[in-house]
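Below, each chain spelled out in residue letters.
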Amino acid sequence: MLIAYLMSGYAPESEVPVFSRFRPEASMSDPGQGTGANKTLVLTAMIFAVAMTFIDQTIVSIAAPQVQHELGLTNTGVQWAINAYLLTLAAFFAFGGRLSDTVGHSRMVVIGVIVFAVASGLCGLTPKGSIAEAWLVTFRAIQGVGGALMYPAALAIVVNTYPLRERGRALALFFGIAGGLTAVGPVLGGYLTEWTWRAIFWVNIPVALIALALIAMSHPTTMHRPAKMDYRGAVLIAVGVALSVIGFQQSNIWGWDNAATWICITGGLAILVVFFLVEARTESPLISVGIFRIRPFLVENLVLGTSNLVFISVFFFASVYAQVALGKSASEAGLFLLYFFLGFVIAAQIGGRMLDRAGAKRPVVLGCVLAAVGFYLWAGQVTSLSFGSQEWYVILAGAGMGFMLGPASTDAVNRASHLSYGEATGITQTVRNYAASLGLAILGTVLVSALRSRVTTSLVKMGVPHAQAVTRASTIAQQSQGGGGSGSGSIPHFIALDFAYAIRTVLWVMAGIMALAAVIAFVGLRYGKQEESEPVPELR
């Protein structure tokens, strides 16, 4: 009955007339419609809805060894069980955002939650035997589709519910909890797998039920604009993003000198170029490419893309560092990440309030600078092999990311008409997830290269012939990306130390990337608050 009610639609949405996508006379952010209590309930409902999508970005990797052992998956199969979700999530964000603007945000959140929960349950019911691999990869991919349908709509509802001057604080809580859940994923995964690995999927079901109940209670109200769906554009961007992301994901396995890697990456990029050319000439496009003529929207997406080369990657590399260099178990490595989350969630609240009071430039620039300094100082301590000497720098790096991610995302979405918040969110999330895949590929290559060099030198000093040292170092470097987790006694000290030096290089690169993001924000953004009356440029 609850689901039937939720799926029946909302009268305020269904009665809204068709408007242009970006109206010159429209306020850039129409005032929120709810009372204080109702707005808080809507925000809570949307946080529960998207919680699953963030947890699942990191939780599955912790259980991967158990999943592979019990189901008899190949190495390629278990990798695709992890990557299929991230791949479809990135590929369908733009489609999900546009669909929510045309069908209705509340309806798409409900559909997305149901799709995600059902797919999660079926992942947890993966049978043993020959169909296990195909089953798990398929439903992981469907999870990603559900997340891509849900997230842009959920964020659009929050933006529509709160007036411009309250959005920074509201979305600081939204992004703070969402970002924190990405860090909590490995911790939760470590504890759930002590019972059964299937629980990492089943945990989504009660979260989904709570989300649906809260949606029914809060009755979020937004406007949508029925319009023809650009399926040609949806196929082009999905294929382009998916193909190039496959190239990024597989680069550390296939190698950068493998033709397949470059065929996927360049082929995907070429399709994306075609997509933008086609969209510029389409009457009712999936993405109005003219939105990039809005300077703050363009700059914020450049900042988000640059910073997300680092954001998802840091969880992976910090977790592997804790296991390989510090000899921690998988669940202990997850606790290591909670220090990053601590800095992130506190700074996110401060950054949101700064956005409301003075605009986006200060929190975004400050956050990028703090993150750059934090990563740089953290890099200087990783070779000590003592977490006690690193924790404050981990917190500082997390605080920097928390300061800037929420305000940058909020400011970008604020630049769209209230009828196109879903589309704007779809664009920003596509940029963020695409950049995250690229960042993992680039930083993974940096790690392998640095570790190979260090281990080769160490082995030669131990008397191993150079040719053998190179071969063994290459094998160790590739295997190290899968994590350790068996305790410090199983990993020779020189390997642990060499890995720490390699991670130091990765963190230096992260610091440089965040410094670049700070420069982009400082040069590209203007000081001052966005005004309610600022017009939205006329776009196709």
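By convention here, each chain's residues receive numbers from 1 onward along its written sequence. Local features are withheld for residues below a pLDDT of 70 in this predicted model, meaning they are given only at 70 or higher, and side-chain atom pairs are given and counted only at 80 or more; totals for whole chains, interfaces and linings count all residues. Side-chain numbers here rest on the full set of heavy atoms in the structure, without hydrogens or water.

Looking at the overall build of the protein
Turning to step 1, where the next piece is worked out: Secondary structure is summarised from DSSP: a helix means a run of H or I of at least four residues, a strand means a run of E of at least two, and numbering begins at the N terminus for each. Helix and strand counts for the protein come out as 18 helices and zero strands.
Turning to step 2, where the next piece is worked out: Whether two residues are in contact is decided by their heavy atoms: any pair within 4.5 Å suffices. Once local pairs closer than 6 in sequence are excluded, the contacts in the protein between residues at least 24 apart make up 86%.
Turning to step 3, where the next piece is worked out: Here the Shrake-Rupley method, with its probe set to 1.4 Å, supplies the accessible areas, and only the displayed protein chains count as covering residues. Accessible surface, the protein as shown: approximately 19700 Å² in total, 67% of it carbon and sulfur.

What about the packing of aromatic side chains?
Turning to step 1, where the next piece is worked out: Two aromatic rings from Phe, Tyr or Trp, using only the six-membered ring of Trp, form a pair when their centres are within 6.5 Å; if the ring planes differ by under 30 degrees the pair is stacked, by over 60 it is edge-to-face, and anything between is tilted. Applying the stated criterion across every chain yields a total of 19 aromatic pairs.
Turning to step 2, where the next piece is worked out: Where F248 meets Y434, the ring centres are 5.5 Å apart and the plane angle is 80°; that geometry is what we call edge-to-face. Linking F248 in helix α10 (residues 231-254) with Y434 in helix α16 (residues 421-461), this pair joins segments that are 186 residues apart in sequence.
Turning to step 3, where the next piece is worked out: Residues F375 and W378 carry aromatic rings whose centres are separated by 6.2 Å and whose planes lie at 15° to one another, so their mutual orientation is stacked. Of the two residues, F375 and W378 both sit in helix α14 (residues 361-379), three residues apart, roughly one turn of that helix. Of the two residues examined, F375 and W378, each falls in the buried class.
Turning to step 4, where the next piece is worked out: One aromatic cluster is present, built from ring pairs that chain together F54, F93, Y151, F174 and F175.
Turning to step 5, where the next piece is worked out: Taking the ring centre of F522 as reference, the NZ or CZ of K361 above it sits at 4.7 Å.
Turning to step 6, where the next piece is worked out: Directly above the ring of Y501 sits R454, whose terminal nitrogen or CZ lies 3.9 Å from the centroid. Only protein chains enter the accessibility calculation, which uses a 1.4 Å probe; a residue whose area is less than 20% of its type maximum is buried, one above 50% is exposed, and one in between is partly exposed. Two conditions define a charge sitting above a ring: the NZ of Lys or the CZ of Arg must be within 6 Å of the ring centre, and it must be within 35 degrees of the ring normal.

A look at the nonpolar core
Turning to step 1, where the next piece is worked out: Put simply, buried Ala, Val, Leu, Ile, Met, Phe, Trp, Tyr and Cys residues joined by side-chain atoms within 4.5 Å make one nonpolar core. In this structure, M46, V109 and F174 are the most contacted members of the largest nonpolar core, which totals 97 residues.
Turning to step 2, where the next piece is worked out: Once residues lying within four places of it in the same chain are set aside, the contact partners of M46 are V109, A154, I157, V158, F174 and I215.

Thoughts on a nonpolar patch on the surface
Turning to step 1, where the next piece is worked out: A patch consists of residues whose relative accessible area exceeds 30% and which take part in no salt bridge; residues with like charges are grouped when within 9 Å of each other, and nonpolar side chains (Val, Leu, Ile, Met, Phe, Trp, Tyr) when within 5 Å. By definition, a salt bridge exists where a carboxyl oxygen of Asp or Glu is found within 4 Å of a side-chain nitrogen of Lys or Arg. On the surface, V369, V373, Y376, L377 and W508 cluster together to form a nonpolar patch covering roughly 450 Å² of accessible area.
Turning to step 2, where the next piece is worked out: Considering each element in turn, the nonpolar patch owes the most residues, four residues, to α14.
Turning to step 3, where the next piece is worked out: In this structure, L377 sits in helix α14.
Turning to step 4, where the next piece is worked out: Residue classification places L377 among the partly exposed residues on the basis of a relative accessible area of 32%.

Let's talk about unusual backbone geometry
Turning to step 1, where the next piece is worked out: Phi is positive for H219, which is not a glycine, with a value near 50°.
Turning to step 2, where the next piece is worked out: When you line up the elements, H219 lands in the loop between α9 (204-218) and α10.
Turning to step 3, where the next piece is worked out: Phi at L385 is positive, roughly 60°, even though this residue is not glycine.
Turning to step 4, where the next piece is worked out: Tracing the backbone shows L385 in the loop between α14 and α15 (391-414).

Looking at the pattern of salt bridges
Turning to step 1, where the next piece is worked out: A complete count under the given rule lists four salt bridges for this structure.
Turning to step 2, where the next piece is worked out: Between R198 and E70 there is a salt bridge, and its shortest N-O distance comes to 3.4 Å. You can see R198 sitting in the loop between α7 (164-192) and α8 (199-202) and its partner E70 sitting in helix α3 (residues 36-71), a full 128 residues away along the chain.
Turning to step 3, where the next piece is worked out: R198 sits in the buried class, given a relative accessible area of 14%.
Turning to step 4, where the next piece is worked out: The exposure class assigned to E70 is partly exposed, which follows from its relative accessible area of 31%.
Turning to step 5, where the next piece is worked out: Between D498 and R454 there is a salt bridge, and its shortest N-O distance comes to 3.7 Å. Linking D498 in helix α18 (residues 493-524) with R454 in helix α16, this pair joins segments that are 44 residues apart in sequence.

Re the packing of α10 against helix α11 (residues 259-279)
Turning to step 1, where the next piece is worked out: It is the contact of α10 with α11, at a shortest axis distance of 7 Å, that shows an interaxial angle of 160°. Taken together, α10 and α11 sit at an angle that is classed as roughly antiparallel. Our pair here, α10 against α11, has a crossing hand that is left-handed.
Turning to step 2, where the next piece is worked out: Three classes are used, and their members are as follows: Ala, Val, Leu, Ile, Met, Phe, Trp, Tyr, Cys and Pro are nonpolar, Asp, Glu, Lys and Arg are charged, and the others, Gly among them, are polar. Here the residues of the contact of α10 with α11 are counted per class, giving 17 nonpolar, eight polar and two charged. Lines fitted to C-alpha atoms define the axes, with helix axes restricted to the stretch in contact, and inter-axis angles between N-to-C directions lie between 0 and 180 degrees. Angle categories: roughly parallel below 35 degrees, roughly antiparallel above 145, roughly perpendicular from 65 to 115, and oblique for all the rest. Should the near helix be turned anticlockwise from the far one by less than a right angle, the crossing is left-handed, and should it be turned clockwise, the crossing is right-handed.

Looking at α16
Turning to step 1, where the next piece is worked out: Here the expected length of a helix is defined as 1.5 Å per residue gap, with one fewer gap than residues. With 41 residues, α16 extends 59 Å from end C-alpha to end C-alpha; this agrees with the ideal 60 Å at 1.5 Å per step.
Turning to step 2, where the next piece is worked out: Looking one or two places after α16, you find G463, whose phi comes out positive at around 100°.

Side note on the side chain of S409
Turning to step 1, where the next piece is worked out: Inspection of the secondary structure assignment puts S409 in helix α15.
Turning to step 2, where the next piece is worked out: Judged by its relative accessible area of 2%, S409 is buried.
Turning to step 3, where the next piece is worked out: If sequence neighbours within four positions are ignored, S409 has contacts with F175, L304 and R432.

Quick look at the packing of helix α12 (residues 295-324) against α15
Turning to step 1, where the next piece is worked out: Closest axis-to-axis distance for the α12/α15 pair is 9 Å, and the angle between their directions is 145°. The element α12 and its partner α15 pack so that their crossing is left-handed. Between α12, through P296, F297, E300, N301, V303, L304, S307, N308 and F311, and α15, the contact on the second element is made entirely by M401, M404, L405, P407, A408, S409, D411 and A412.
Turning to step 2, where the next piece is worked out: In the contact of α12 with α15, the residues fall into eleven nonpolar, four polar and two charged.

A few points about the confidence of the model for the protein
Turning to step 1, where the next piece is worked out: The pLDDT value expresses, per residue, how confident the predictor is, ranging between 0 and 100. Scored by pLDDT, the protein comes out at a mean of 83, with 87% of its residues at no less than 70.
Turning to step 2, where the next piece is worked out: Element-level mean pLDDT values for the protein span from 38 in helix α2 (residues 11-14) up to 97 in α14.
Turning to step 3, where the next piece is worked out: With pLDDT under 50 throughout, residues 484-489 is counted as low confidence; its partners more than four residues away or in other chains account for eight contacts.
Turning to step 4, where the next piece is worked out: Note that pLDDT drops below 50 for residues 533-540; the model gives that stretch 32 contacts with residues more than four away or on any other chain.

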